[in-house]
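So you can see what is in the structure, the chains are spelled out below.
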Amino acid sequence: MTEKLTLIAPEIALFVTTCVVMVLGLSPSLAARKMCAWISGLGLVIAAGLAVPAVLDVQTASAATGIFPSMQPYMKGLIAVVGLMLLPMMSGTVDREMETMIAAGRAKYEALRANRAEFYSFFLFSLTGLMLTVSADDLIWLFLALELTSLPTYIMVTISTRSTRSQEAGVKYFFIGALGAAVFLYGFALLYGATGSTSLAEIHRVLAAQEFGPEGGLSPIAIAGLVISLLGLGVKIAAVPMHFYVADVYQGAAAGVTAMLAFVPKAAGFVAIILLAGAVGWGHEAEPRQLPDALHWTLWILAAATMTAGNVLAALQSSVKRMLAYSSIAHSGYMLAGVMAGPGERGFFDDGIAAVLFYLLCYGVMNVGAFAVLAAIERRDGRETDEIDDIRGLHRRHPHLAAAMLLCSLSLLGLPPLLGFFGKLGLFTAVISTGTADMYALAVVLGINSAIAAFYYLRLVMAAYIDAPDEAREAELEPVARPTRTIAAMVSAGGVVVLLAVVGPLMGFSLEAAGFSSELDGAGFEAGRGAQLEPETPTPAPSPEAD
Amino acid sequence: MSEAVQHPAPPKPAAQSAWVAAVAFFASLGLLAAPIEITRLLAMMGIPIVFAAFMIFRPASNARWWALSATSANLLLSLKLMADFFASPPAGGGFSMIFAREIVPEIGFSFSLGLDAVSVLLIALTALLGPVCVLGSWNAIRRRQRLFYGWLLLLQTAMYGVFAARDLLVFYISFEFTLLPLFVLINEFGSSDRRRAAVKFFLYTFTGSIIALVGLLFVAFHAASRPEIGVFTLDIGLLAEAARTMPASAQALVMLAMLAGFAVKVPLFPVHTWLPLAHTEAPTAGSVILAGVLLKLGTYAIYRFVLPFTPEAAFDYAPYIAVLSIIGIVYAGLVCWVQNDVKKLVAYSSVSHLGFCVLGLFAMNSIGLTGSVLYMINHGLSTGALFLLIGFMYERYHTRDLRQLGGLASKMPVWSFFMVFFVMASVGLPGLNGFVSEFMTMMGTFQSDSALVDSQPGATFGPLGPWYAFAAATGVIVAAIYLLTMLAKIVWGPLREPPGHADGHAEDDGAAGALPRDVTTAHELIPLTALAALCLLFGLYPKPLIVALEPPINAQVASIRSAIELSVPNVPDGVERQVVGPVNGEAAPAASGRVGESE
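Everything numeric in this text was worked out from a predicted model, so none of it was measured. (Residues numbered from 1 in each chain as written. Chains lettered and ligands numbered in written order. Predicted model: local features only at pLDDT ≥ 70, side-chain atom pairs only at ≥ 80, totals over all residues.)

### Some remarks on the overall build of chain B
- A tally of regular secondary structure across chain B gives 21 helices and 2 strands.
- Looking at the 599 residues of chain B, the share that counts as buried comes to 60%.
- Restricting to contacts in chain B with at least 6 residues of sequence separation, those with at least 24 account for 78%. (Helix = DSSP H or I, 4+ residues; strand = E, 2+ residues; numbered from the N terminus. Buried ≥ 20, exposed ≤ 12 C-beta atoms within 10 Å, placed from the backbone. Contact = placed C-beta atoms within 7 Å.)

What follows is the structure, given as structure tokens:
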């Protein structure tokens, strides 16, 4: 039990910070209120400090239970780092008018009207939930953690701006999110019914017994449970057709919150999908490296539809936020393809899970930048910049922001040699390594989609980096960029370039993180996979009992 | 990297900057004496990046000096590189100056470079066109100069990377990265329809090359599953060996995937539509680089990947590709004939010319391949020069419309001389360089007929044959028609000038001084003269180039041939491709397929 506590140390650190921030944010003293962001940052640094060294420490990782035990240190470190990148975008999102009025002496501080405490603490709550999702080894834990990730975001969306649009977005997001939660909870219940356990490891054993036992296949209830859970989780990752809310919600929320929405619930959804898929296993009777047919084809259709619809719809938008919203849908589609490929045996290049985890890292880093550029420039009337015309000619007044937009957009588009390219390359190699015709087809779909994505990312690049400014528009914008958000943009753009130097080690970490539990390995699904992967090697295939 | 509207910089910092640029130039020349040859190649890739980085922090008005220093240093380094390479060429057409460092072992990615004669010559061509582009933009680019020259320099590095790559990812990254600089150059510095041109250019090539990447990665996984390799590697040499063991159906798919990427770049007939637009809208330097080097990335990739990786599939599909090339040659030629925009005319002529290049590659014999590689170089020289000339004319008249221009020989005799000269080189007038390569590709196509090897003394191994050469030759006639028609209109005949330019001078648009009536300034004459001299040299005495190309091309042809001959017993329909045997003659379907095609 104490081992488990050490494993969730980052979560505990974040939770403690959350409590501190929640109280501090209500303080009548301005200095104390201003400490909120700093203390949140400190909490994230501590969480990262508790999580990241464990990436290097395999011993700690192996103490973890669950099916992907080593995923915890990697993902928690990543979450803390992305959280730190998001934090400068959060600052100044809420309570600005009130603080200005107080500073001008026109109003007095009212704790009831202030939102700062909730805003930061819910941000940290959501990240805590995401970390707990990673730690989940049980369906109930998984459900609770997913809800802890999502619930705070509903409120954050609602309070992020003062316009009614945000309220509409929040309500919409809440209802759809609740619907999704109900659906995957139902799926979890069916899964429990089919296997008699809520522990993922136990489910893995029971399903393996079903697949390779006398029944000769998974029970229909288990399959129904898996598919239904998957569809429910599709809401979290905004897979088509569960994507309808995304554009409105992303547009309604403040850019900082939108950047968070594009990463946090999505990462939670992917971790949950990976855990569920891991519980089923990628070994299969007909195809040794494929999920069971029902899941495989559900995912195939989801992946292809998600990336295609996301990209095509993104290409039609003139609002940058909506464009990025749809593009985030497309990125979900790419990652689903990696989940389908499943773990490999030989290294990063054929491990779909490692590819997804690495892509989450790349996406987390580069995605912040695009939103941060948008958030950094503001309109004089206090509304958020959103139209593509607002960032036209950015290079004149804010050359560094334009350069950040250039780097982040091109990285999101996957142009070599930026970070996003290596992320996408991992997905490509993993998908191709499965060696089946339908996965080759998916690789081609992925390729064509990258090209569609190029179309709208280039529009962003052109607008910010090349075009001449629209004079009328420019007059409506604040001449000075928000400093903290500029920093976020620069960090993100810098990361896209600097992390190239350590792409190899990062891939190594993600590969380690994707390691399947050694206790469960050999439970039946992995049988014969080695033989399939390297058909022409002279070594005989390991028998199921051998390991 | 961006700046407001350029005002002439105060003289003092500008002078300083020119000094710094000059010092940096001489410092880079120190690399000529570097003891290890590969450092020169690495330096050639590094110098543009370093100079571009410095340039950003210097006054914009001197950006062109920085660009000129970097590209001239590279030109000198490339000459030294070439001299070193040919002083001790690698045995058996292999690679020398090999450099390899593991970068990301997790995906088998190593920064691995190596040169054979083909890549050395193409690198030299790239290095030569570098200063040509800078000089060609000397007066044309007045705003956002750092942006322009910075991306122009980065483009150089990427092109060297493509030609020197011995690792799949080094190749792919460089290949893809060429898109971005050109996208920026066209988008910001092009003419009226530049937006559409830039996006279309980017999307076409990006889509194609991603599909090519899928094909190439498939080969890498196939190689990893081979016992003799056993690890996941992206080394091009190892992959080429392993790729041949793929079953015929997989080879065909891989080849189609690769062609999806490379044929767009060339461009081959049905996917050529981005090219006329991009060439026409691009600024002069962009057109010169596009025509001079970037199109060759496609043909080079066919030479480097399609032929060695999938020789059987290439052999099988060669007739179809040849038909597409011939359609491209003739169709683009006919389109040229009716063009009024002289730049568009030259752009379409590139589609037509590159068709010969692809035809020579798929002839799969030594003479065809040699002709193709020579074509890449010669086309770069002559078409690059034509775009340069059109750019110089445009700076003076601000139009490229053939209906508004005519009889310029009386106003611009020097310009007209060069125009006639390079058009002749492009048409393939014997004595100039275009003739040699065009003749060799046609010759290669003519002889490339496995079915006739025994009965006809001149025939060599190959999938094509005389009918293809015959069809392609009509393209030569069309080329003569449209290019000479263009000359007749623009150089000779009654003088026609657009209104407002009756004195033949450009209107001064804010520059330091107006241009002279003719192309007599140094920055115009130097590149033109250099290119003309090379055209003449390679036309009169191409032998050194042909000799230099012999070893790698012979090795390539021999290995293609052995792959196809070895594969015959394994493939059920292998008899069809039998090169020597009792049934050849009327029964060899390589011939029957061909006749079916051309009828």
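### Observations regarding the overall build of chain A
- Within chain A, the regular secondary structure consists of 24 helices and 0 strands.
- Over its C-alpha trace chain A gives a radius of gyration of 23 Å, about what one expects of a compact globule, namely 24 Å for 547 residues.
- Projected onto its principal axes, the C-alpha coordinates of chain A cover approximately 75 × 50 × 40 Å.
- Looking at chain A residue by residue over its 547 residues, the buried ones come to 61%.
- Partitioning the contacts of chain A with sequence separation of at least 6, the portion at a separation of at least 24 is 78%. (Rg over C-alpha atoms; globule rule 2.2 N^0.38 Å.)

### Re unusual backbone geometry
- Note that the residue after Pro 416 of chain A, namely Pro 417 of chain A, is joined by a cis bond; omega there is 0 degrees.
- In this fold, Pro 417 of chain A is placed in the loop between helix H18 (399–413) and helix H19 (419–433).
- Cis geometry marks the peptide bond from Val 266 of chain B to Pro 267 of chain B, where omega comes out at -5 degrees.
- Within the secondary structure, Pro 267 of chain B is located in the loop between helix H10 (248–265) and helix H11 (274–281).
- If you check the backbone angles, Ala 238 of chain A has positive phi at about 60 degrees while not being a glycine.
- Within the fold, Ala 238 of chain A resides in the loop between helix H11 (220–237) and helix H12 (245–252).
- One non-glycine residue, Met 364 of chain B, lies in the positive phi region at around 60 degrees.
- Mapped onto the elements, Met 364 of chain B comes out in the loop between helix H14 (342–363) and helix H15 (366–397).

### Focus on the interface of chain A and chain B
- Contacts between the two partners involve 39 residues from chain A and, on the opposite side, 33 residues from chain B.
- Broken down by secondary-structure element, the contributors of at least two residues to the side of chain A that touches chain B are helix H17 (394–397), H18, H19, helix H20 (437–466) and helix H23 (503–513) of chain A.
- Looking at the side of chain A that touches chain B, its residues break down into 26 nonpolar, 9 polar and 4 charged. (Nonpolar A, V, L, I, M, F, W, Y, C, P; charged D, E, K, R; others polar.)

### A short note on the nonpolar core
- One finds Leu 275, Leu 357, Met 405 and Val 431 of chain A together with Phe 362 and Leu 389 of chain B to be the most contacted residues of the largest nonpolar core, which totals 431 residues.
- Among the elements that make up this core, the one with the highest residue count is helix H16 (residues 352–376) of chain A (21 residues).
- With residues near it in sequence (within four places) discarded, Met 405 of chain A still touches Ala 370, Val 373, Ile 391, Leu 394, Leu 460, Val 461, Ala 464 and Tyr 465 of chain A. (Core = buried A, V, L, I, M, F, W, Y, C linked by C-beta atoms within 7 Å.)

### Some thoughts on helix H7 (residues 179–189) of chain B
- Taking burial as the measure, the 11 residues of H7 of chain B include 11 buried ones, the bulk of the element.
- Of all the positions in H7 of chain B, only Leu 179, Leu 180, Pro 181, Leu 182, Phe 183, Val 184, Leu 185, Ile 186, Asn 187, Glu 188 and Phe 189 of chain B are classed as buried.

### A few points about the pairing of strand E1 (residues 96–104) of chain B
- Pairing geometry for E1 of chain B and strand E2 (residues 109–115) of chain B, over 6 bridges, is antiparallel. By the bridge assignment for E2 of chain B, Val 104 of chain B is matched with Phe 109 of chain B. (Pairing = 2+ DSSP bridges.)

### A look at the packing of H7 of chain B against helix H12 (residues 284–309) of chain B
All names here are of chain B.
- Where H7 contacts H12, the two axes come as close as 10 Å, and the packing angle between them is 150 degrees. Comparing their axes, H12 and H7 come out roughly antiparallel. Here H7 runs over H12; the crossing is left-handed. Contact residues: Leu 182, Leu 185 and Ile 186 in H7; Gly 286, Leu 290 and Leu 294 in H12.
- Tallied by class, residues from the contact of H7 with H12 come to 5 nonpolar, 1 polar and no charged. (Axes fitted to C-alpha atoms, helices over the stretch in contact; angles between N-to-C directions. Parallel < 35°, antiparallel > 145°, perpendicular 65-115°, else oblique. Left-handed = near helix turned anticlockwise from the far one by under 90°.)

### Topic: the packing of helix H9 (residues 164–195) of chain A against H12 of chain A
Residues and elements named next belong to chain A.
- Between H9 and H12, the least distance of the axes is 8 Å, while the angle of their chain directions is 140 degrees. For the pair H9 and H12, the crossing hand works out as left-handed. Mapping the contact onto sequence places Arg 165, Ser 166, Glu 168, Ala 169, Lys 172, Tyr 173 and Ile 176 in H9 and Tyr 245, Asp 248, Val 249 and Gly 252 in H12.
- Per-class residue counts for the contact of H9 with H12 are 5 nonpolar, 2 polar and 4 charged.

### Some points on the pairing of E2 of chain B
- In terms of burial, E2 of chain B is a largely internal element, 5 of the 7 residues being buried.
- Taking the residues that link successive antiparallel strands as the turn, the E1 of chain B-E2 of chain B hairpin has 4 residues, and the phi of Gly 108 of chain B there is positive, at about 65 degrees.

### Details of the environment of Ile 47 of chain B
- Here Ile 47 of chain B lies in helix H2 (residues 37–56).
- Excluding anything up to four places from it in sequence, Ile 47 of chain B contacts Ser 28, Ala 70, Ala 73 and Asn 74 of chain B.

### A look at the confidence of the model for chain B
Residue and element names in this part refer to chain B.
- Averaged over every residue, the pLDDT of chain B is 83; the share at 70 or more is 89%.
- Considering each helix and strand of chain B separately, the mean pLDDT is smallest for helix H21 (residues 589–598), with a value of 37, and largest for helix H6 (residues 168–177), with 92.
- Within the model, pLDDT remains below 50 along residues 1–11, and this stretch shows 27 contacts once partners closer than five positions in the same chain are excluded.
- Overall, residues 569–599 carries pLDDT values under 50, and its contacts beyond four positions in sequence, including any with other chains, amount to 42 contacts.
- In the predicted complex, the global pTM is 0.88; the interface-specific ipTM is 0.88. (pLDDT = per-residue confidence, 0-100.)

### Remarks on the environment of Leu 537 of chain B
All names here are of chain B.
- Residue placement: Leu 537 occurs in helix H19 (residues 522–540).
- We classify Leu 537 as partly exposed; it has 15 C-beta atoms within 10 Å.
- Distance in space between the C-alpha atoms of Leu 537 and Asn 187 is 36 Å, their sequence separation being 350 residues.

### A closer look at the environment of Leu 515 of chain B
- Relative to the helices and strands, Leu 515 of chain B resides in the loop between helix H18 (466–490) and H19.
- Separated by 119 residues in the primary sequence, Leu 515 of chain B and Arg 396 of chain B have C-alpha atoms spaced 7.4 Å apart.

### Focus on helix H5 (residues 145–164) of chain B
- Spanning 20 residues, H5 of chain B covers 29 Å between terminal C-alpha atoms, matching the ideal 28 Å at 1.5 Å per step.
- Within H5 of chain B, 19 of the 20 residues are buried, leaving the element largely enclosed by the surrounding structure. (Expected span 1.5 Å × (residues − 1).)

### Quick look at the confidence of the model for chain A
Residues and elements named next belong to chain A.
- With 91% of its residues at a pLDDT of 70 or more, chain A has an overall mean of 85.
- The secondary structure element of chain A with the lowest average pLDDT is helix H24 (residues 529–533), at 36, and the one with the highest is helix H8 (residues 139–160), at 93.
- Counted against residues more than four places away or in other chains, residues 523–547, with its pLDDT under 50, gives 40 contacts.

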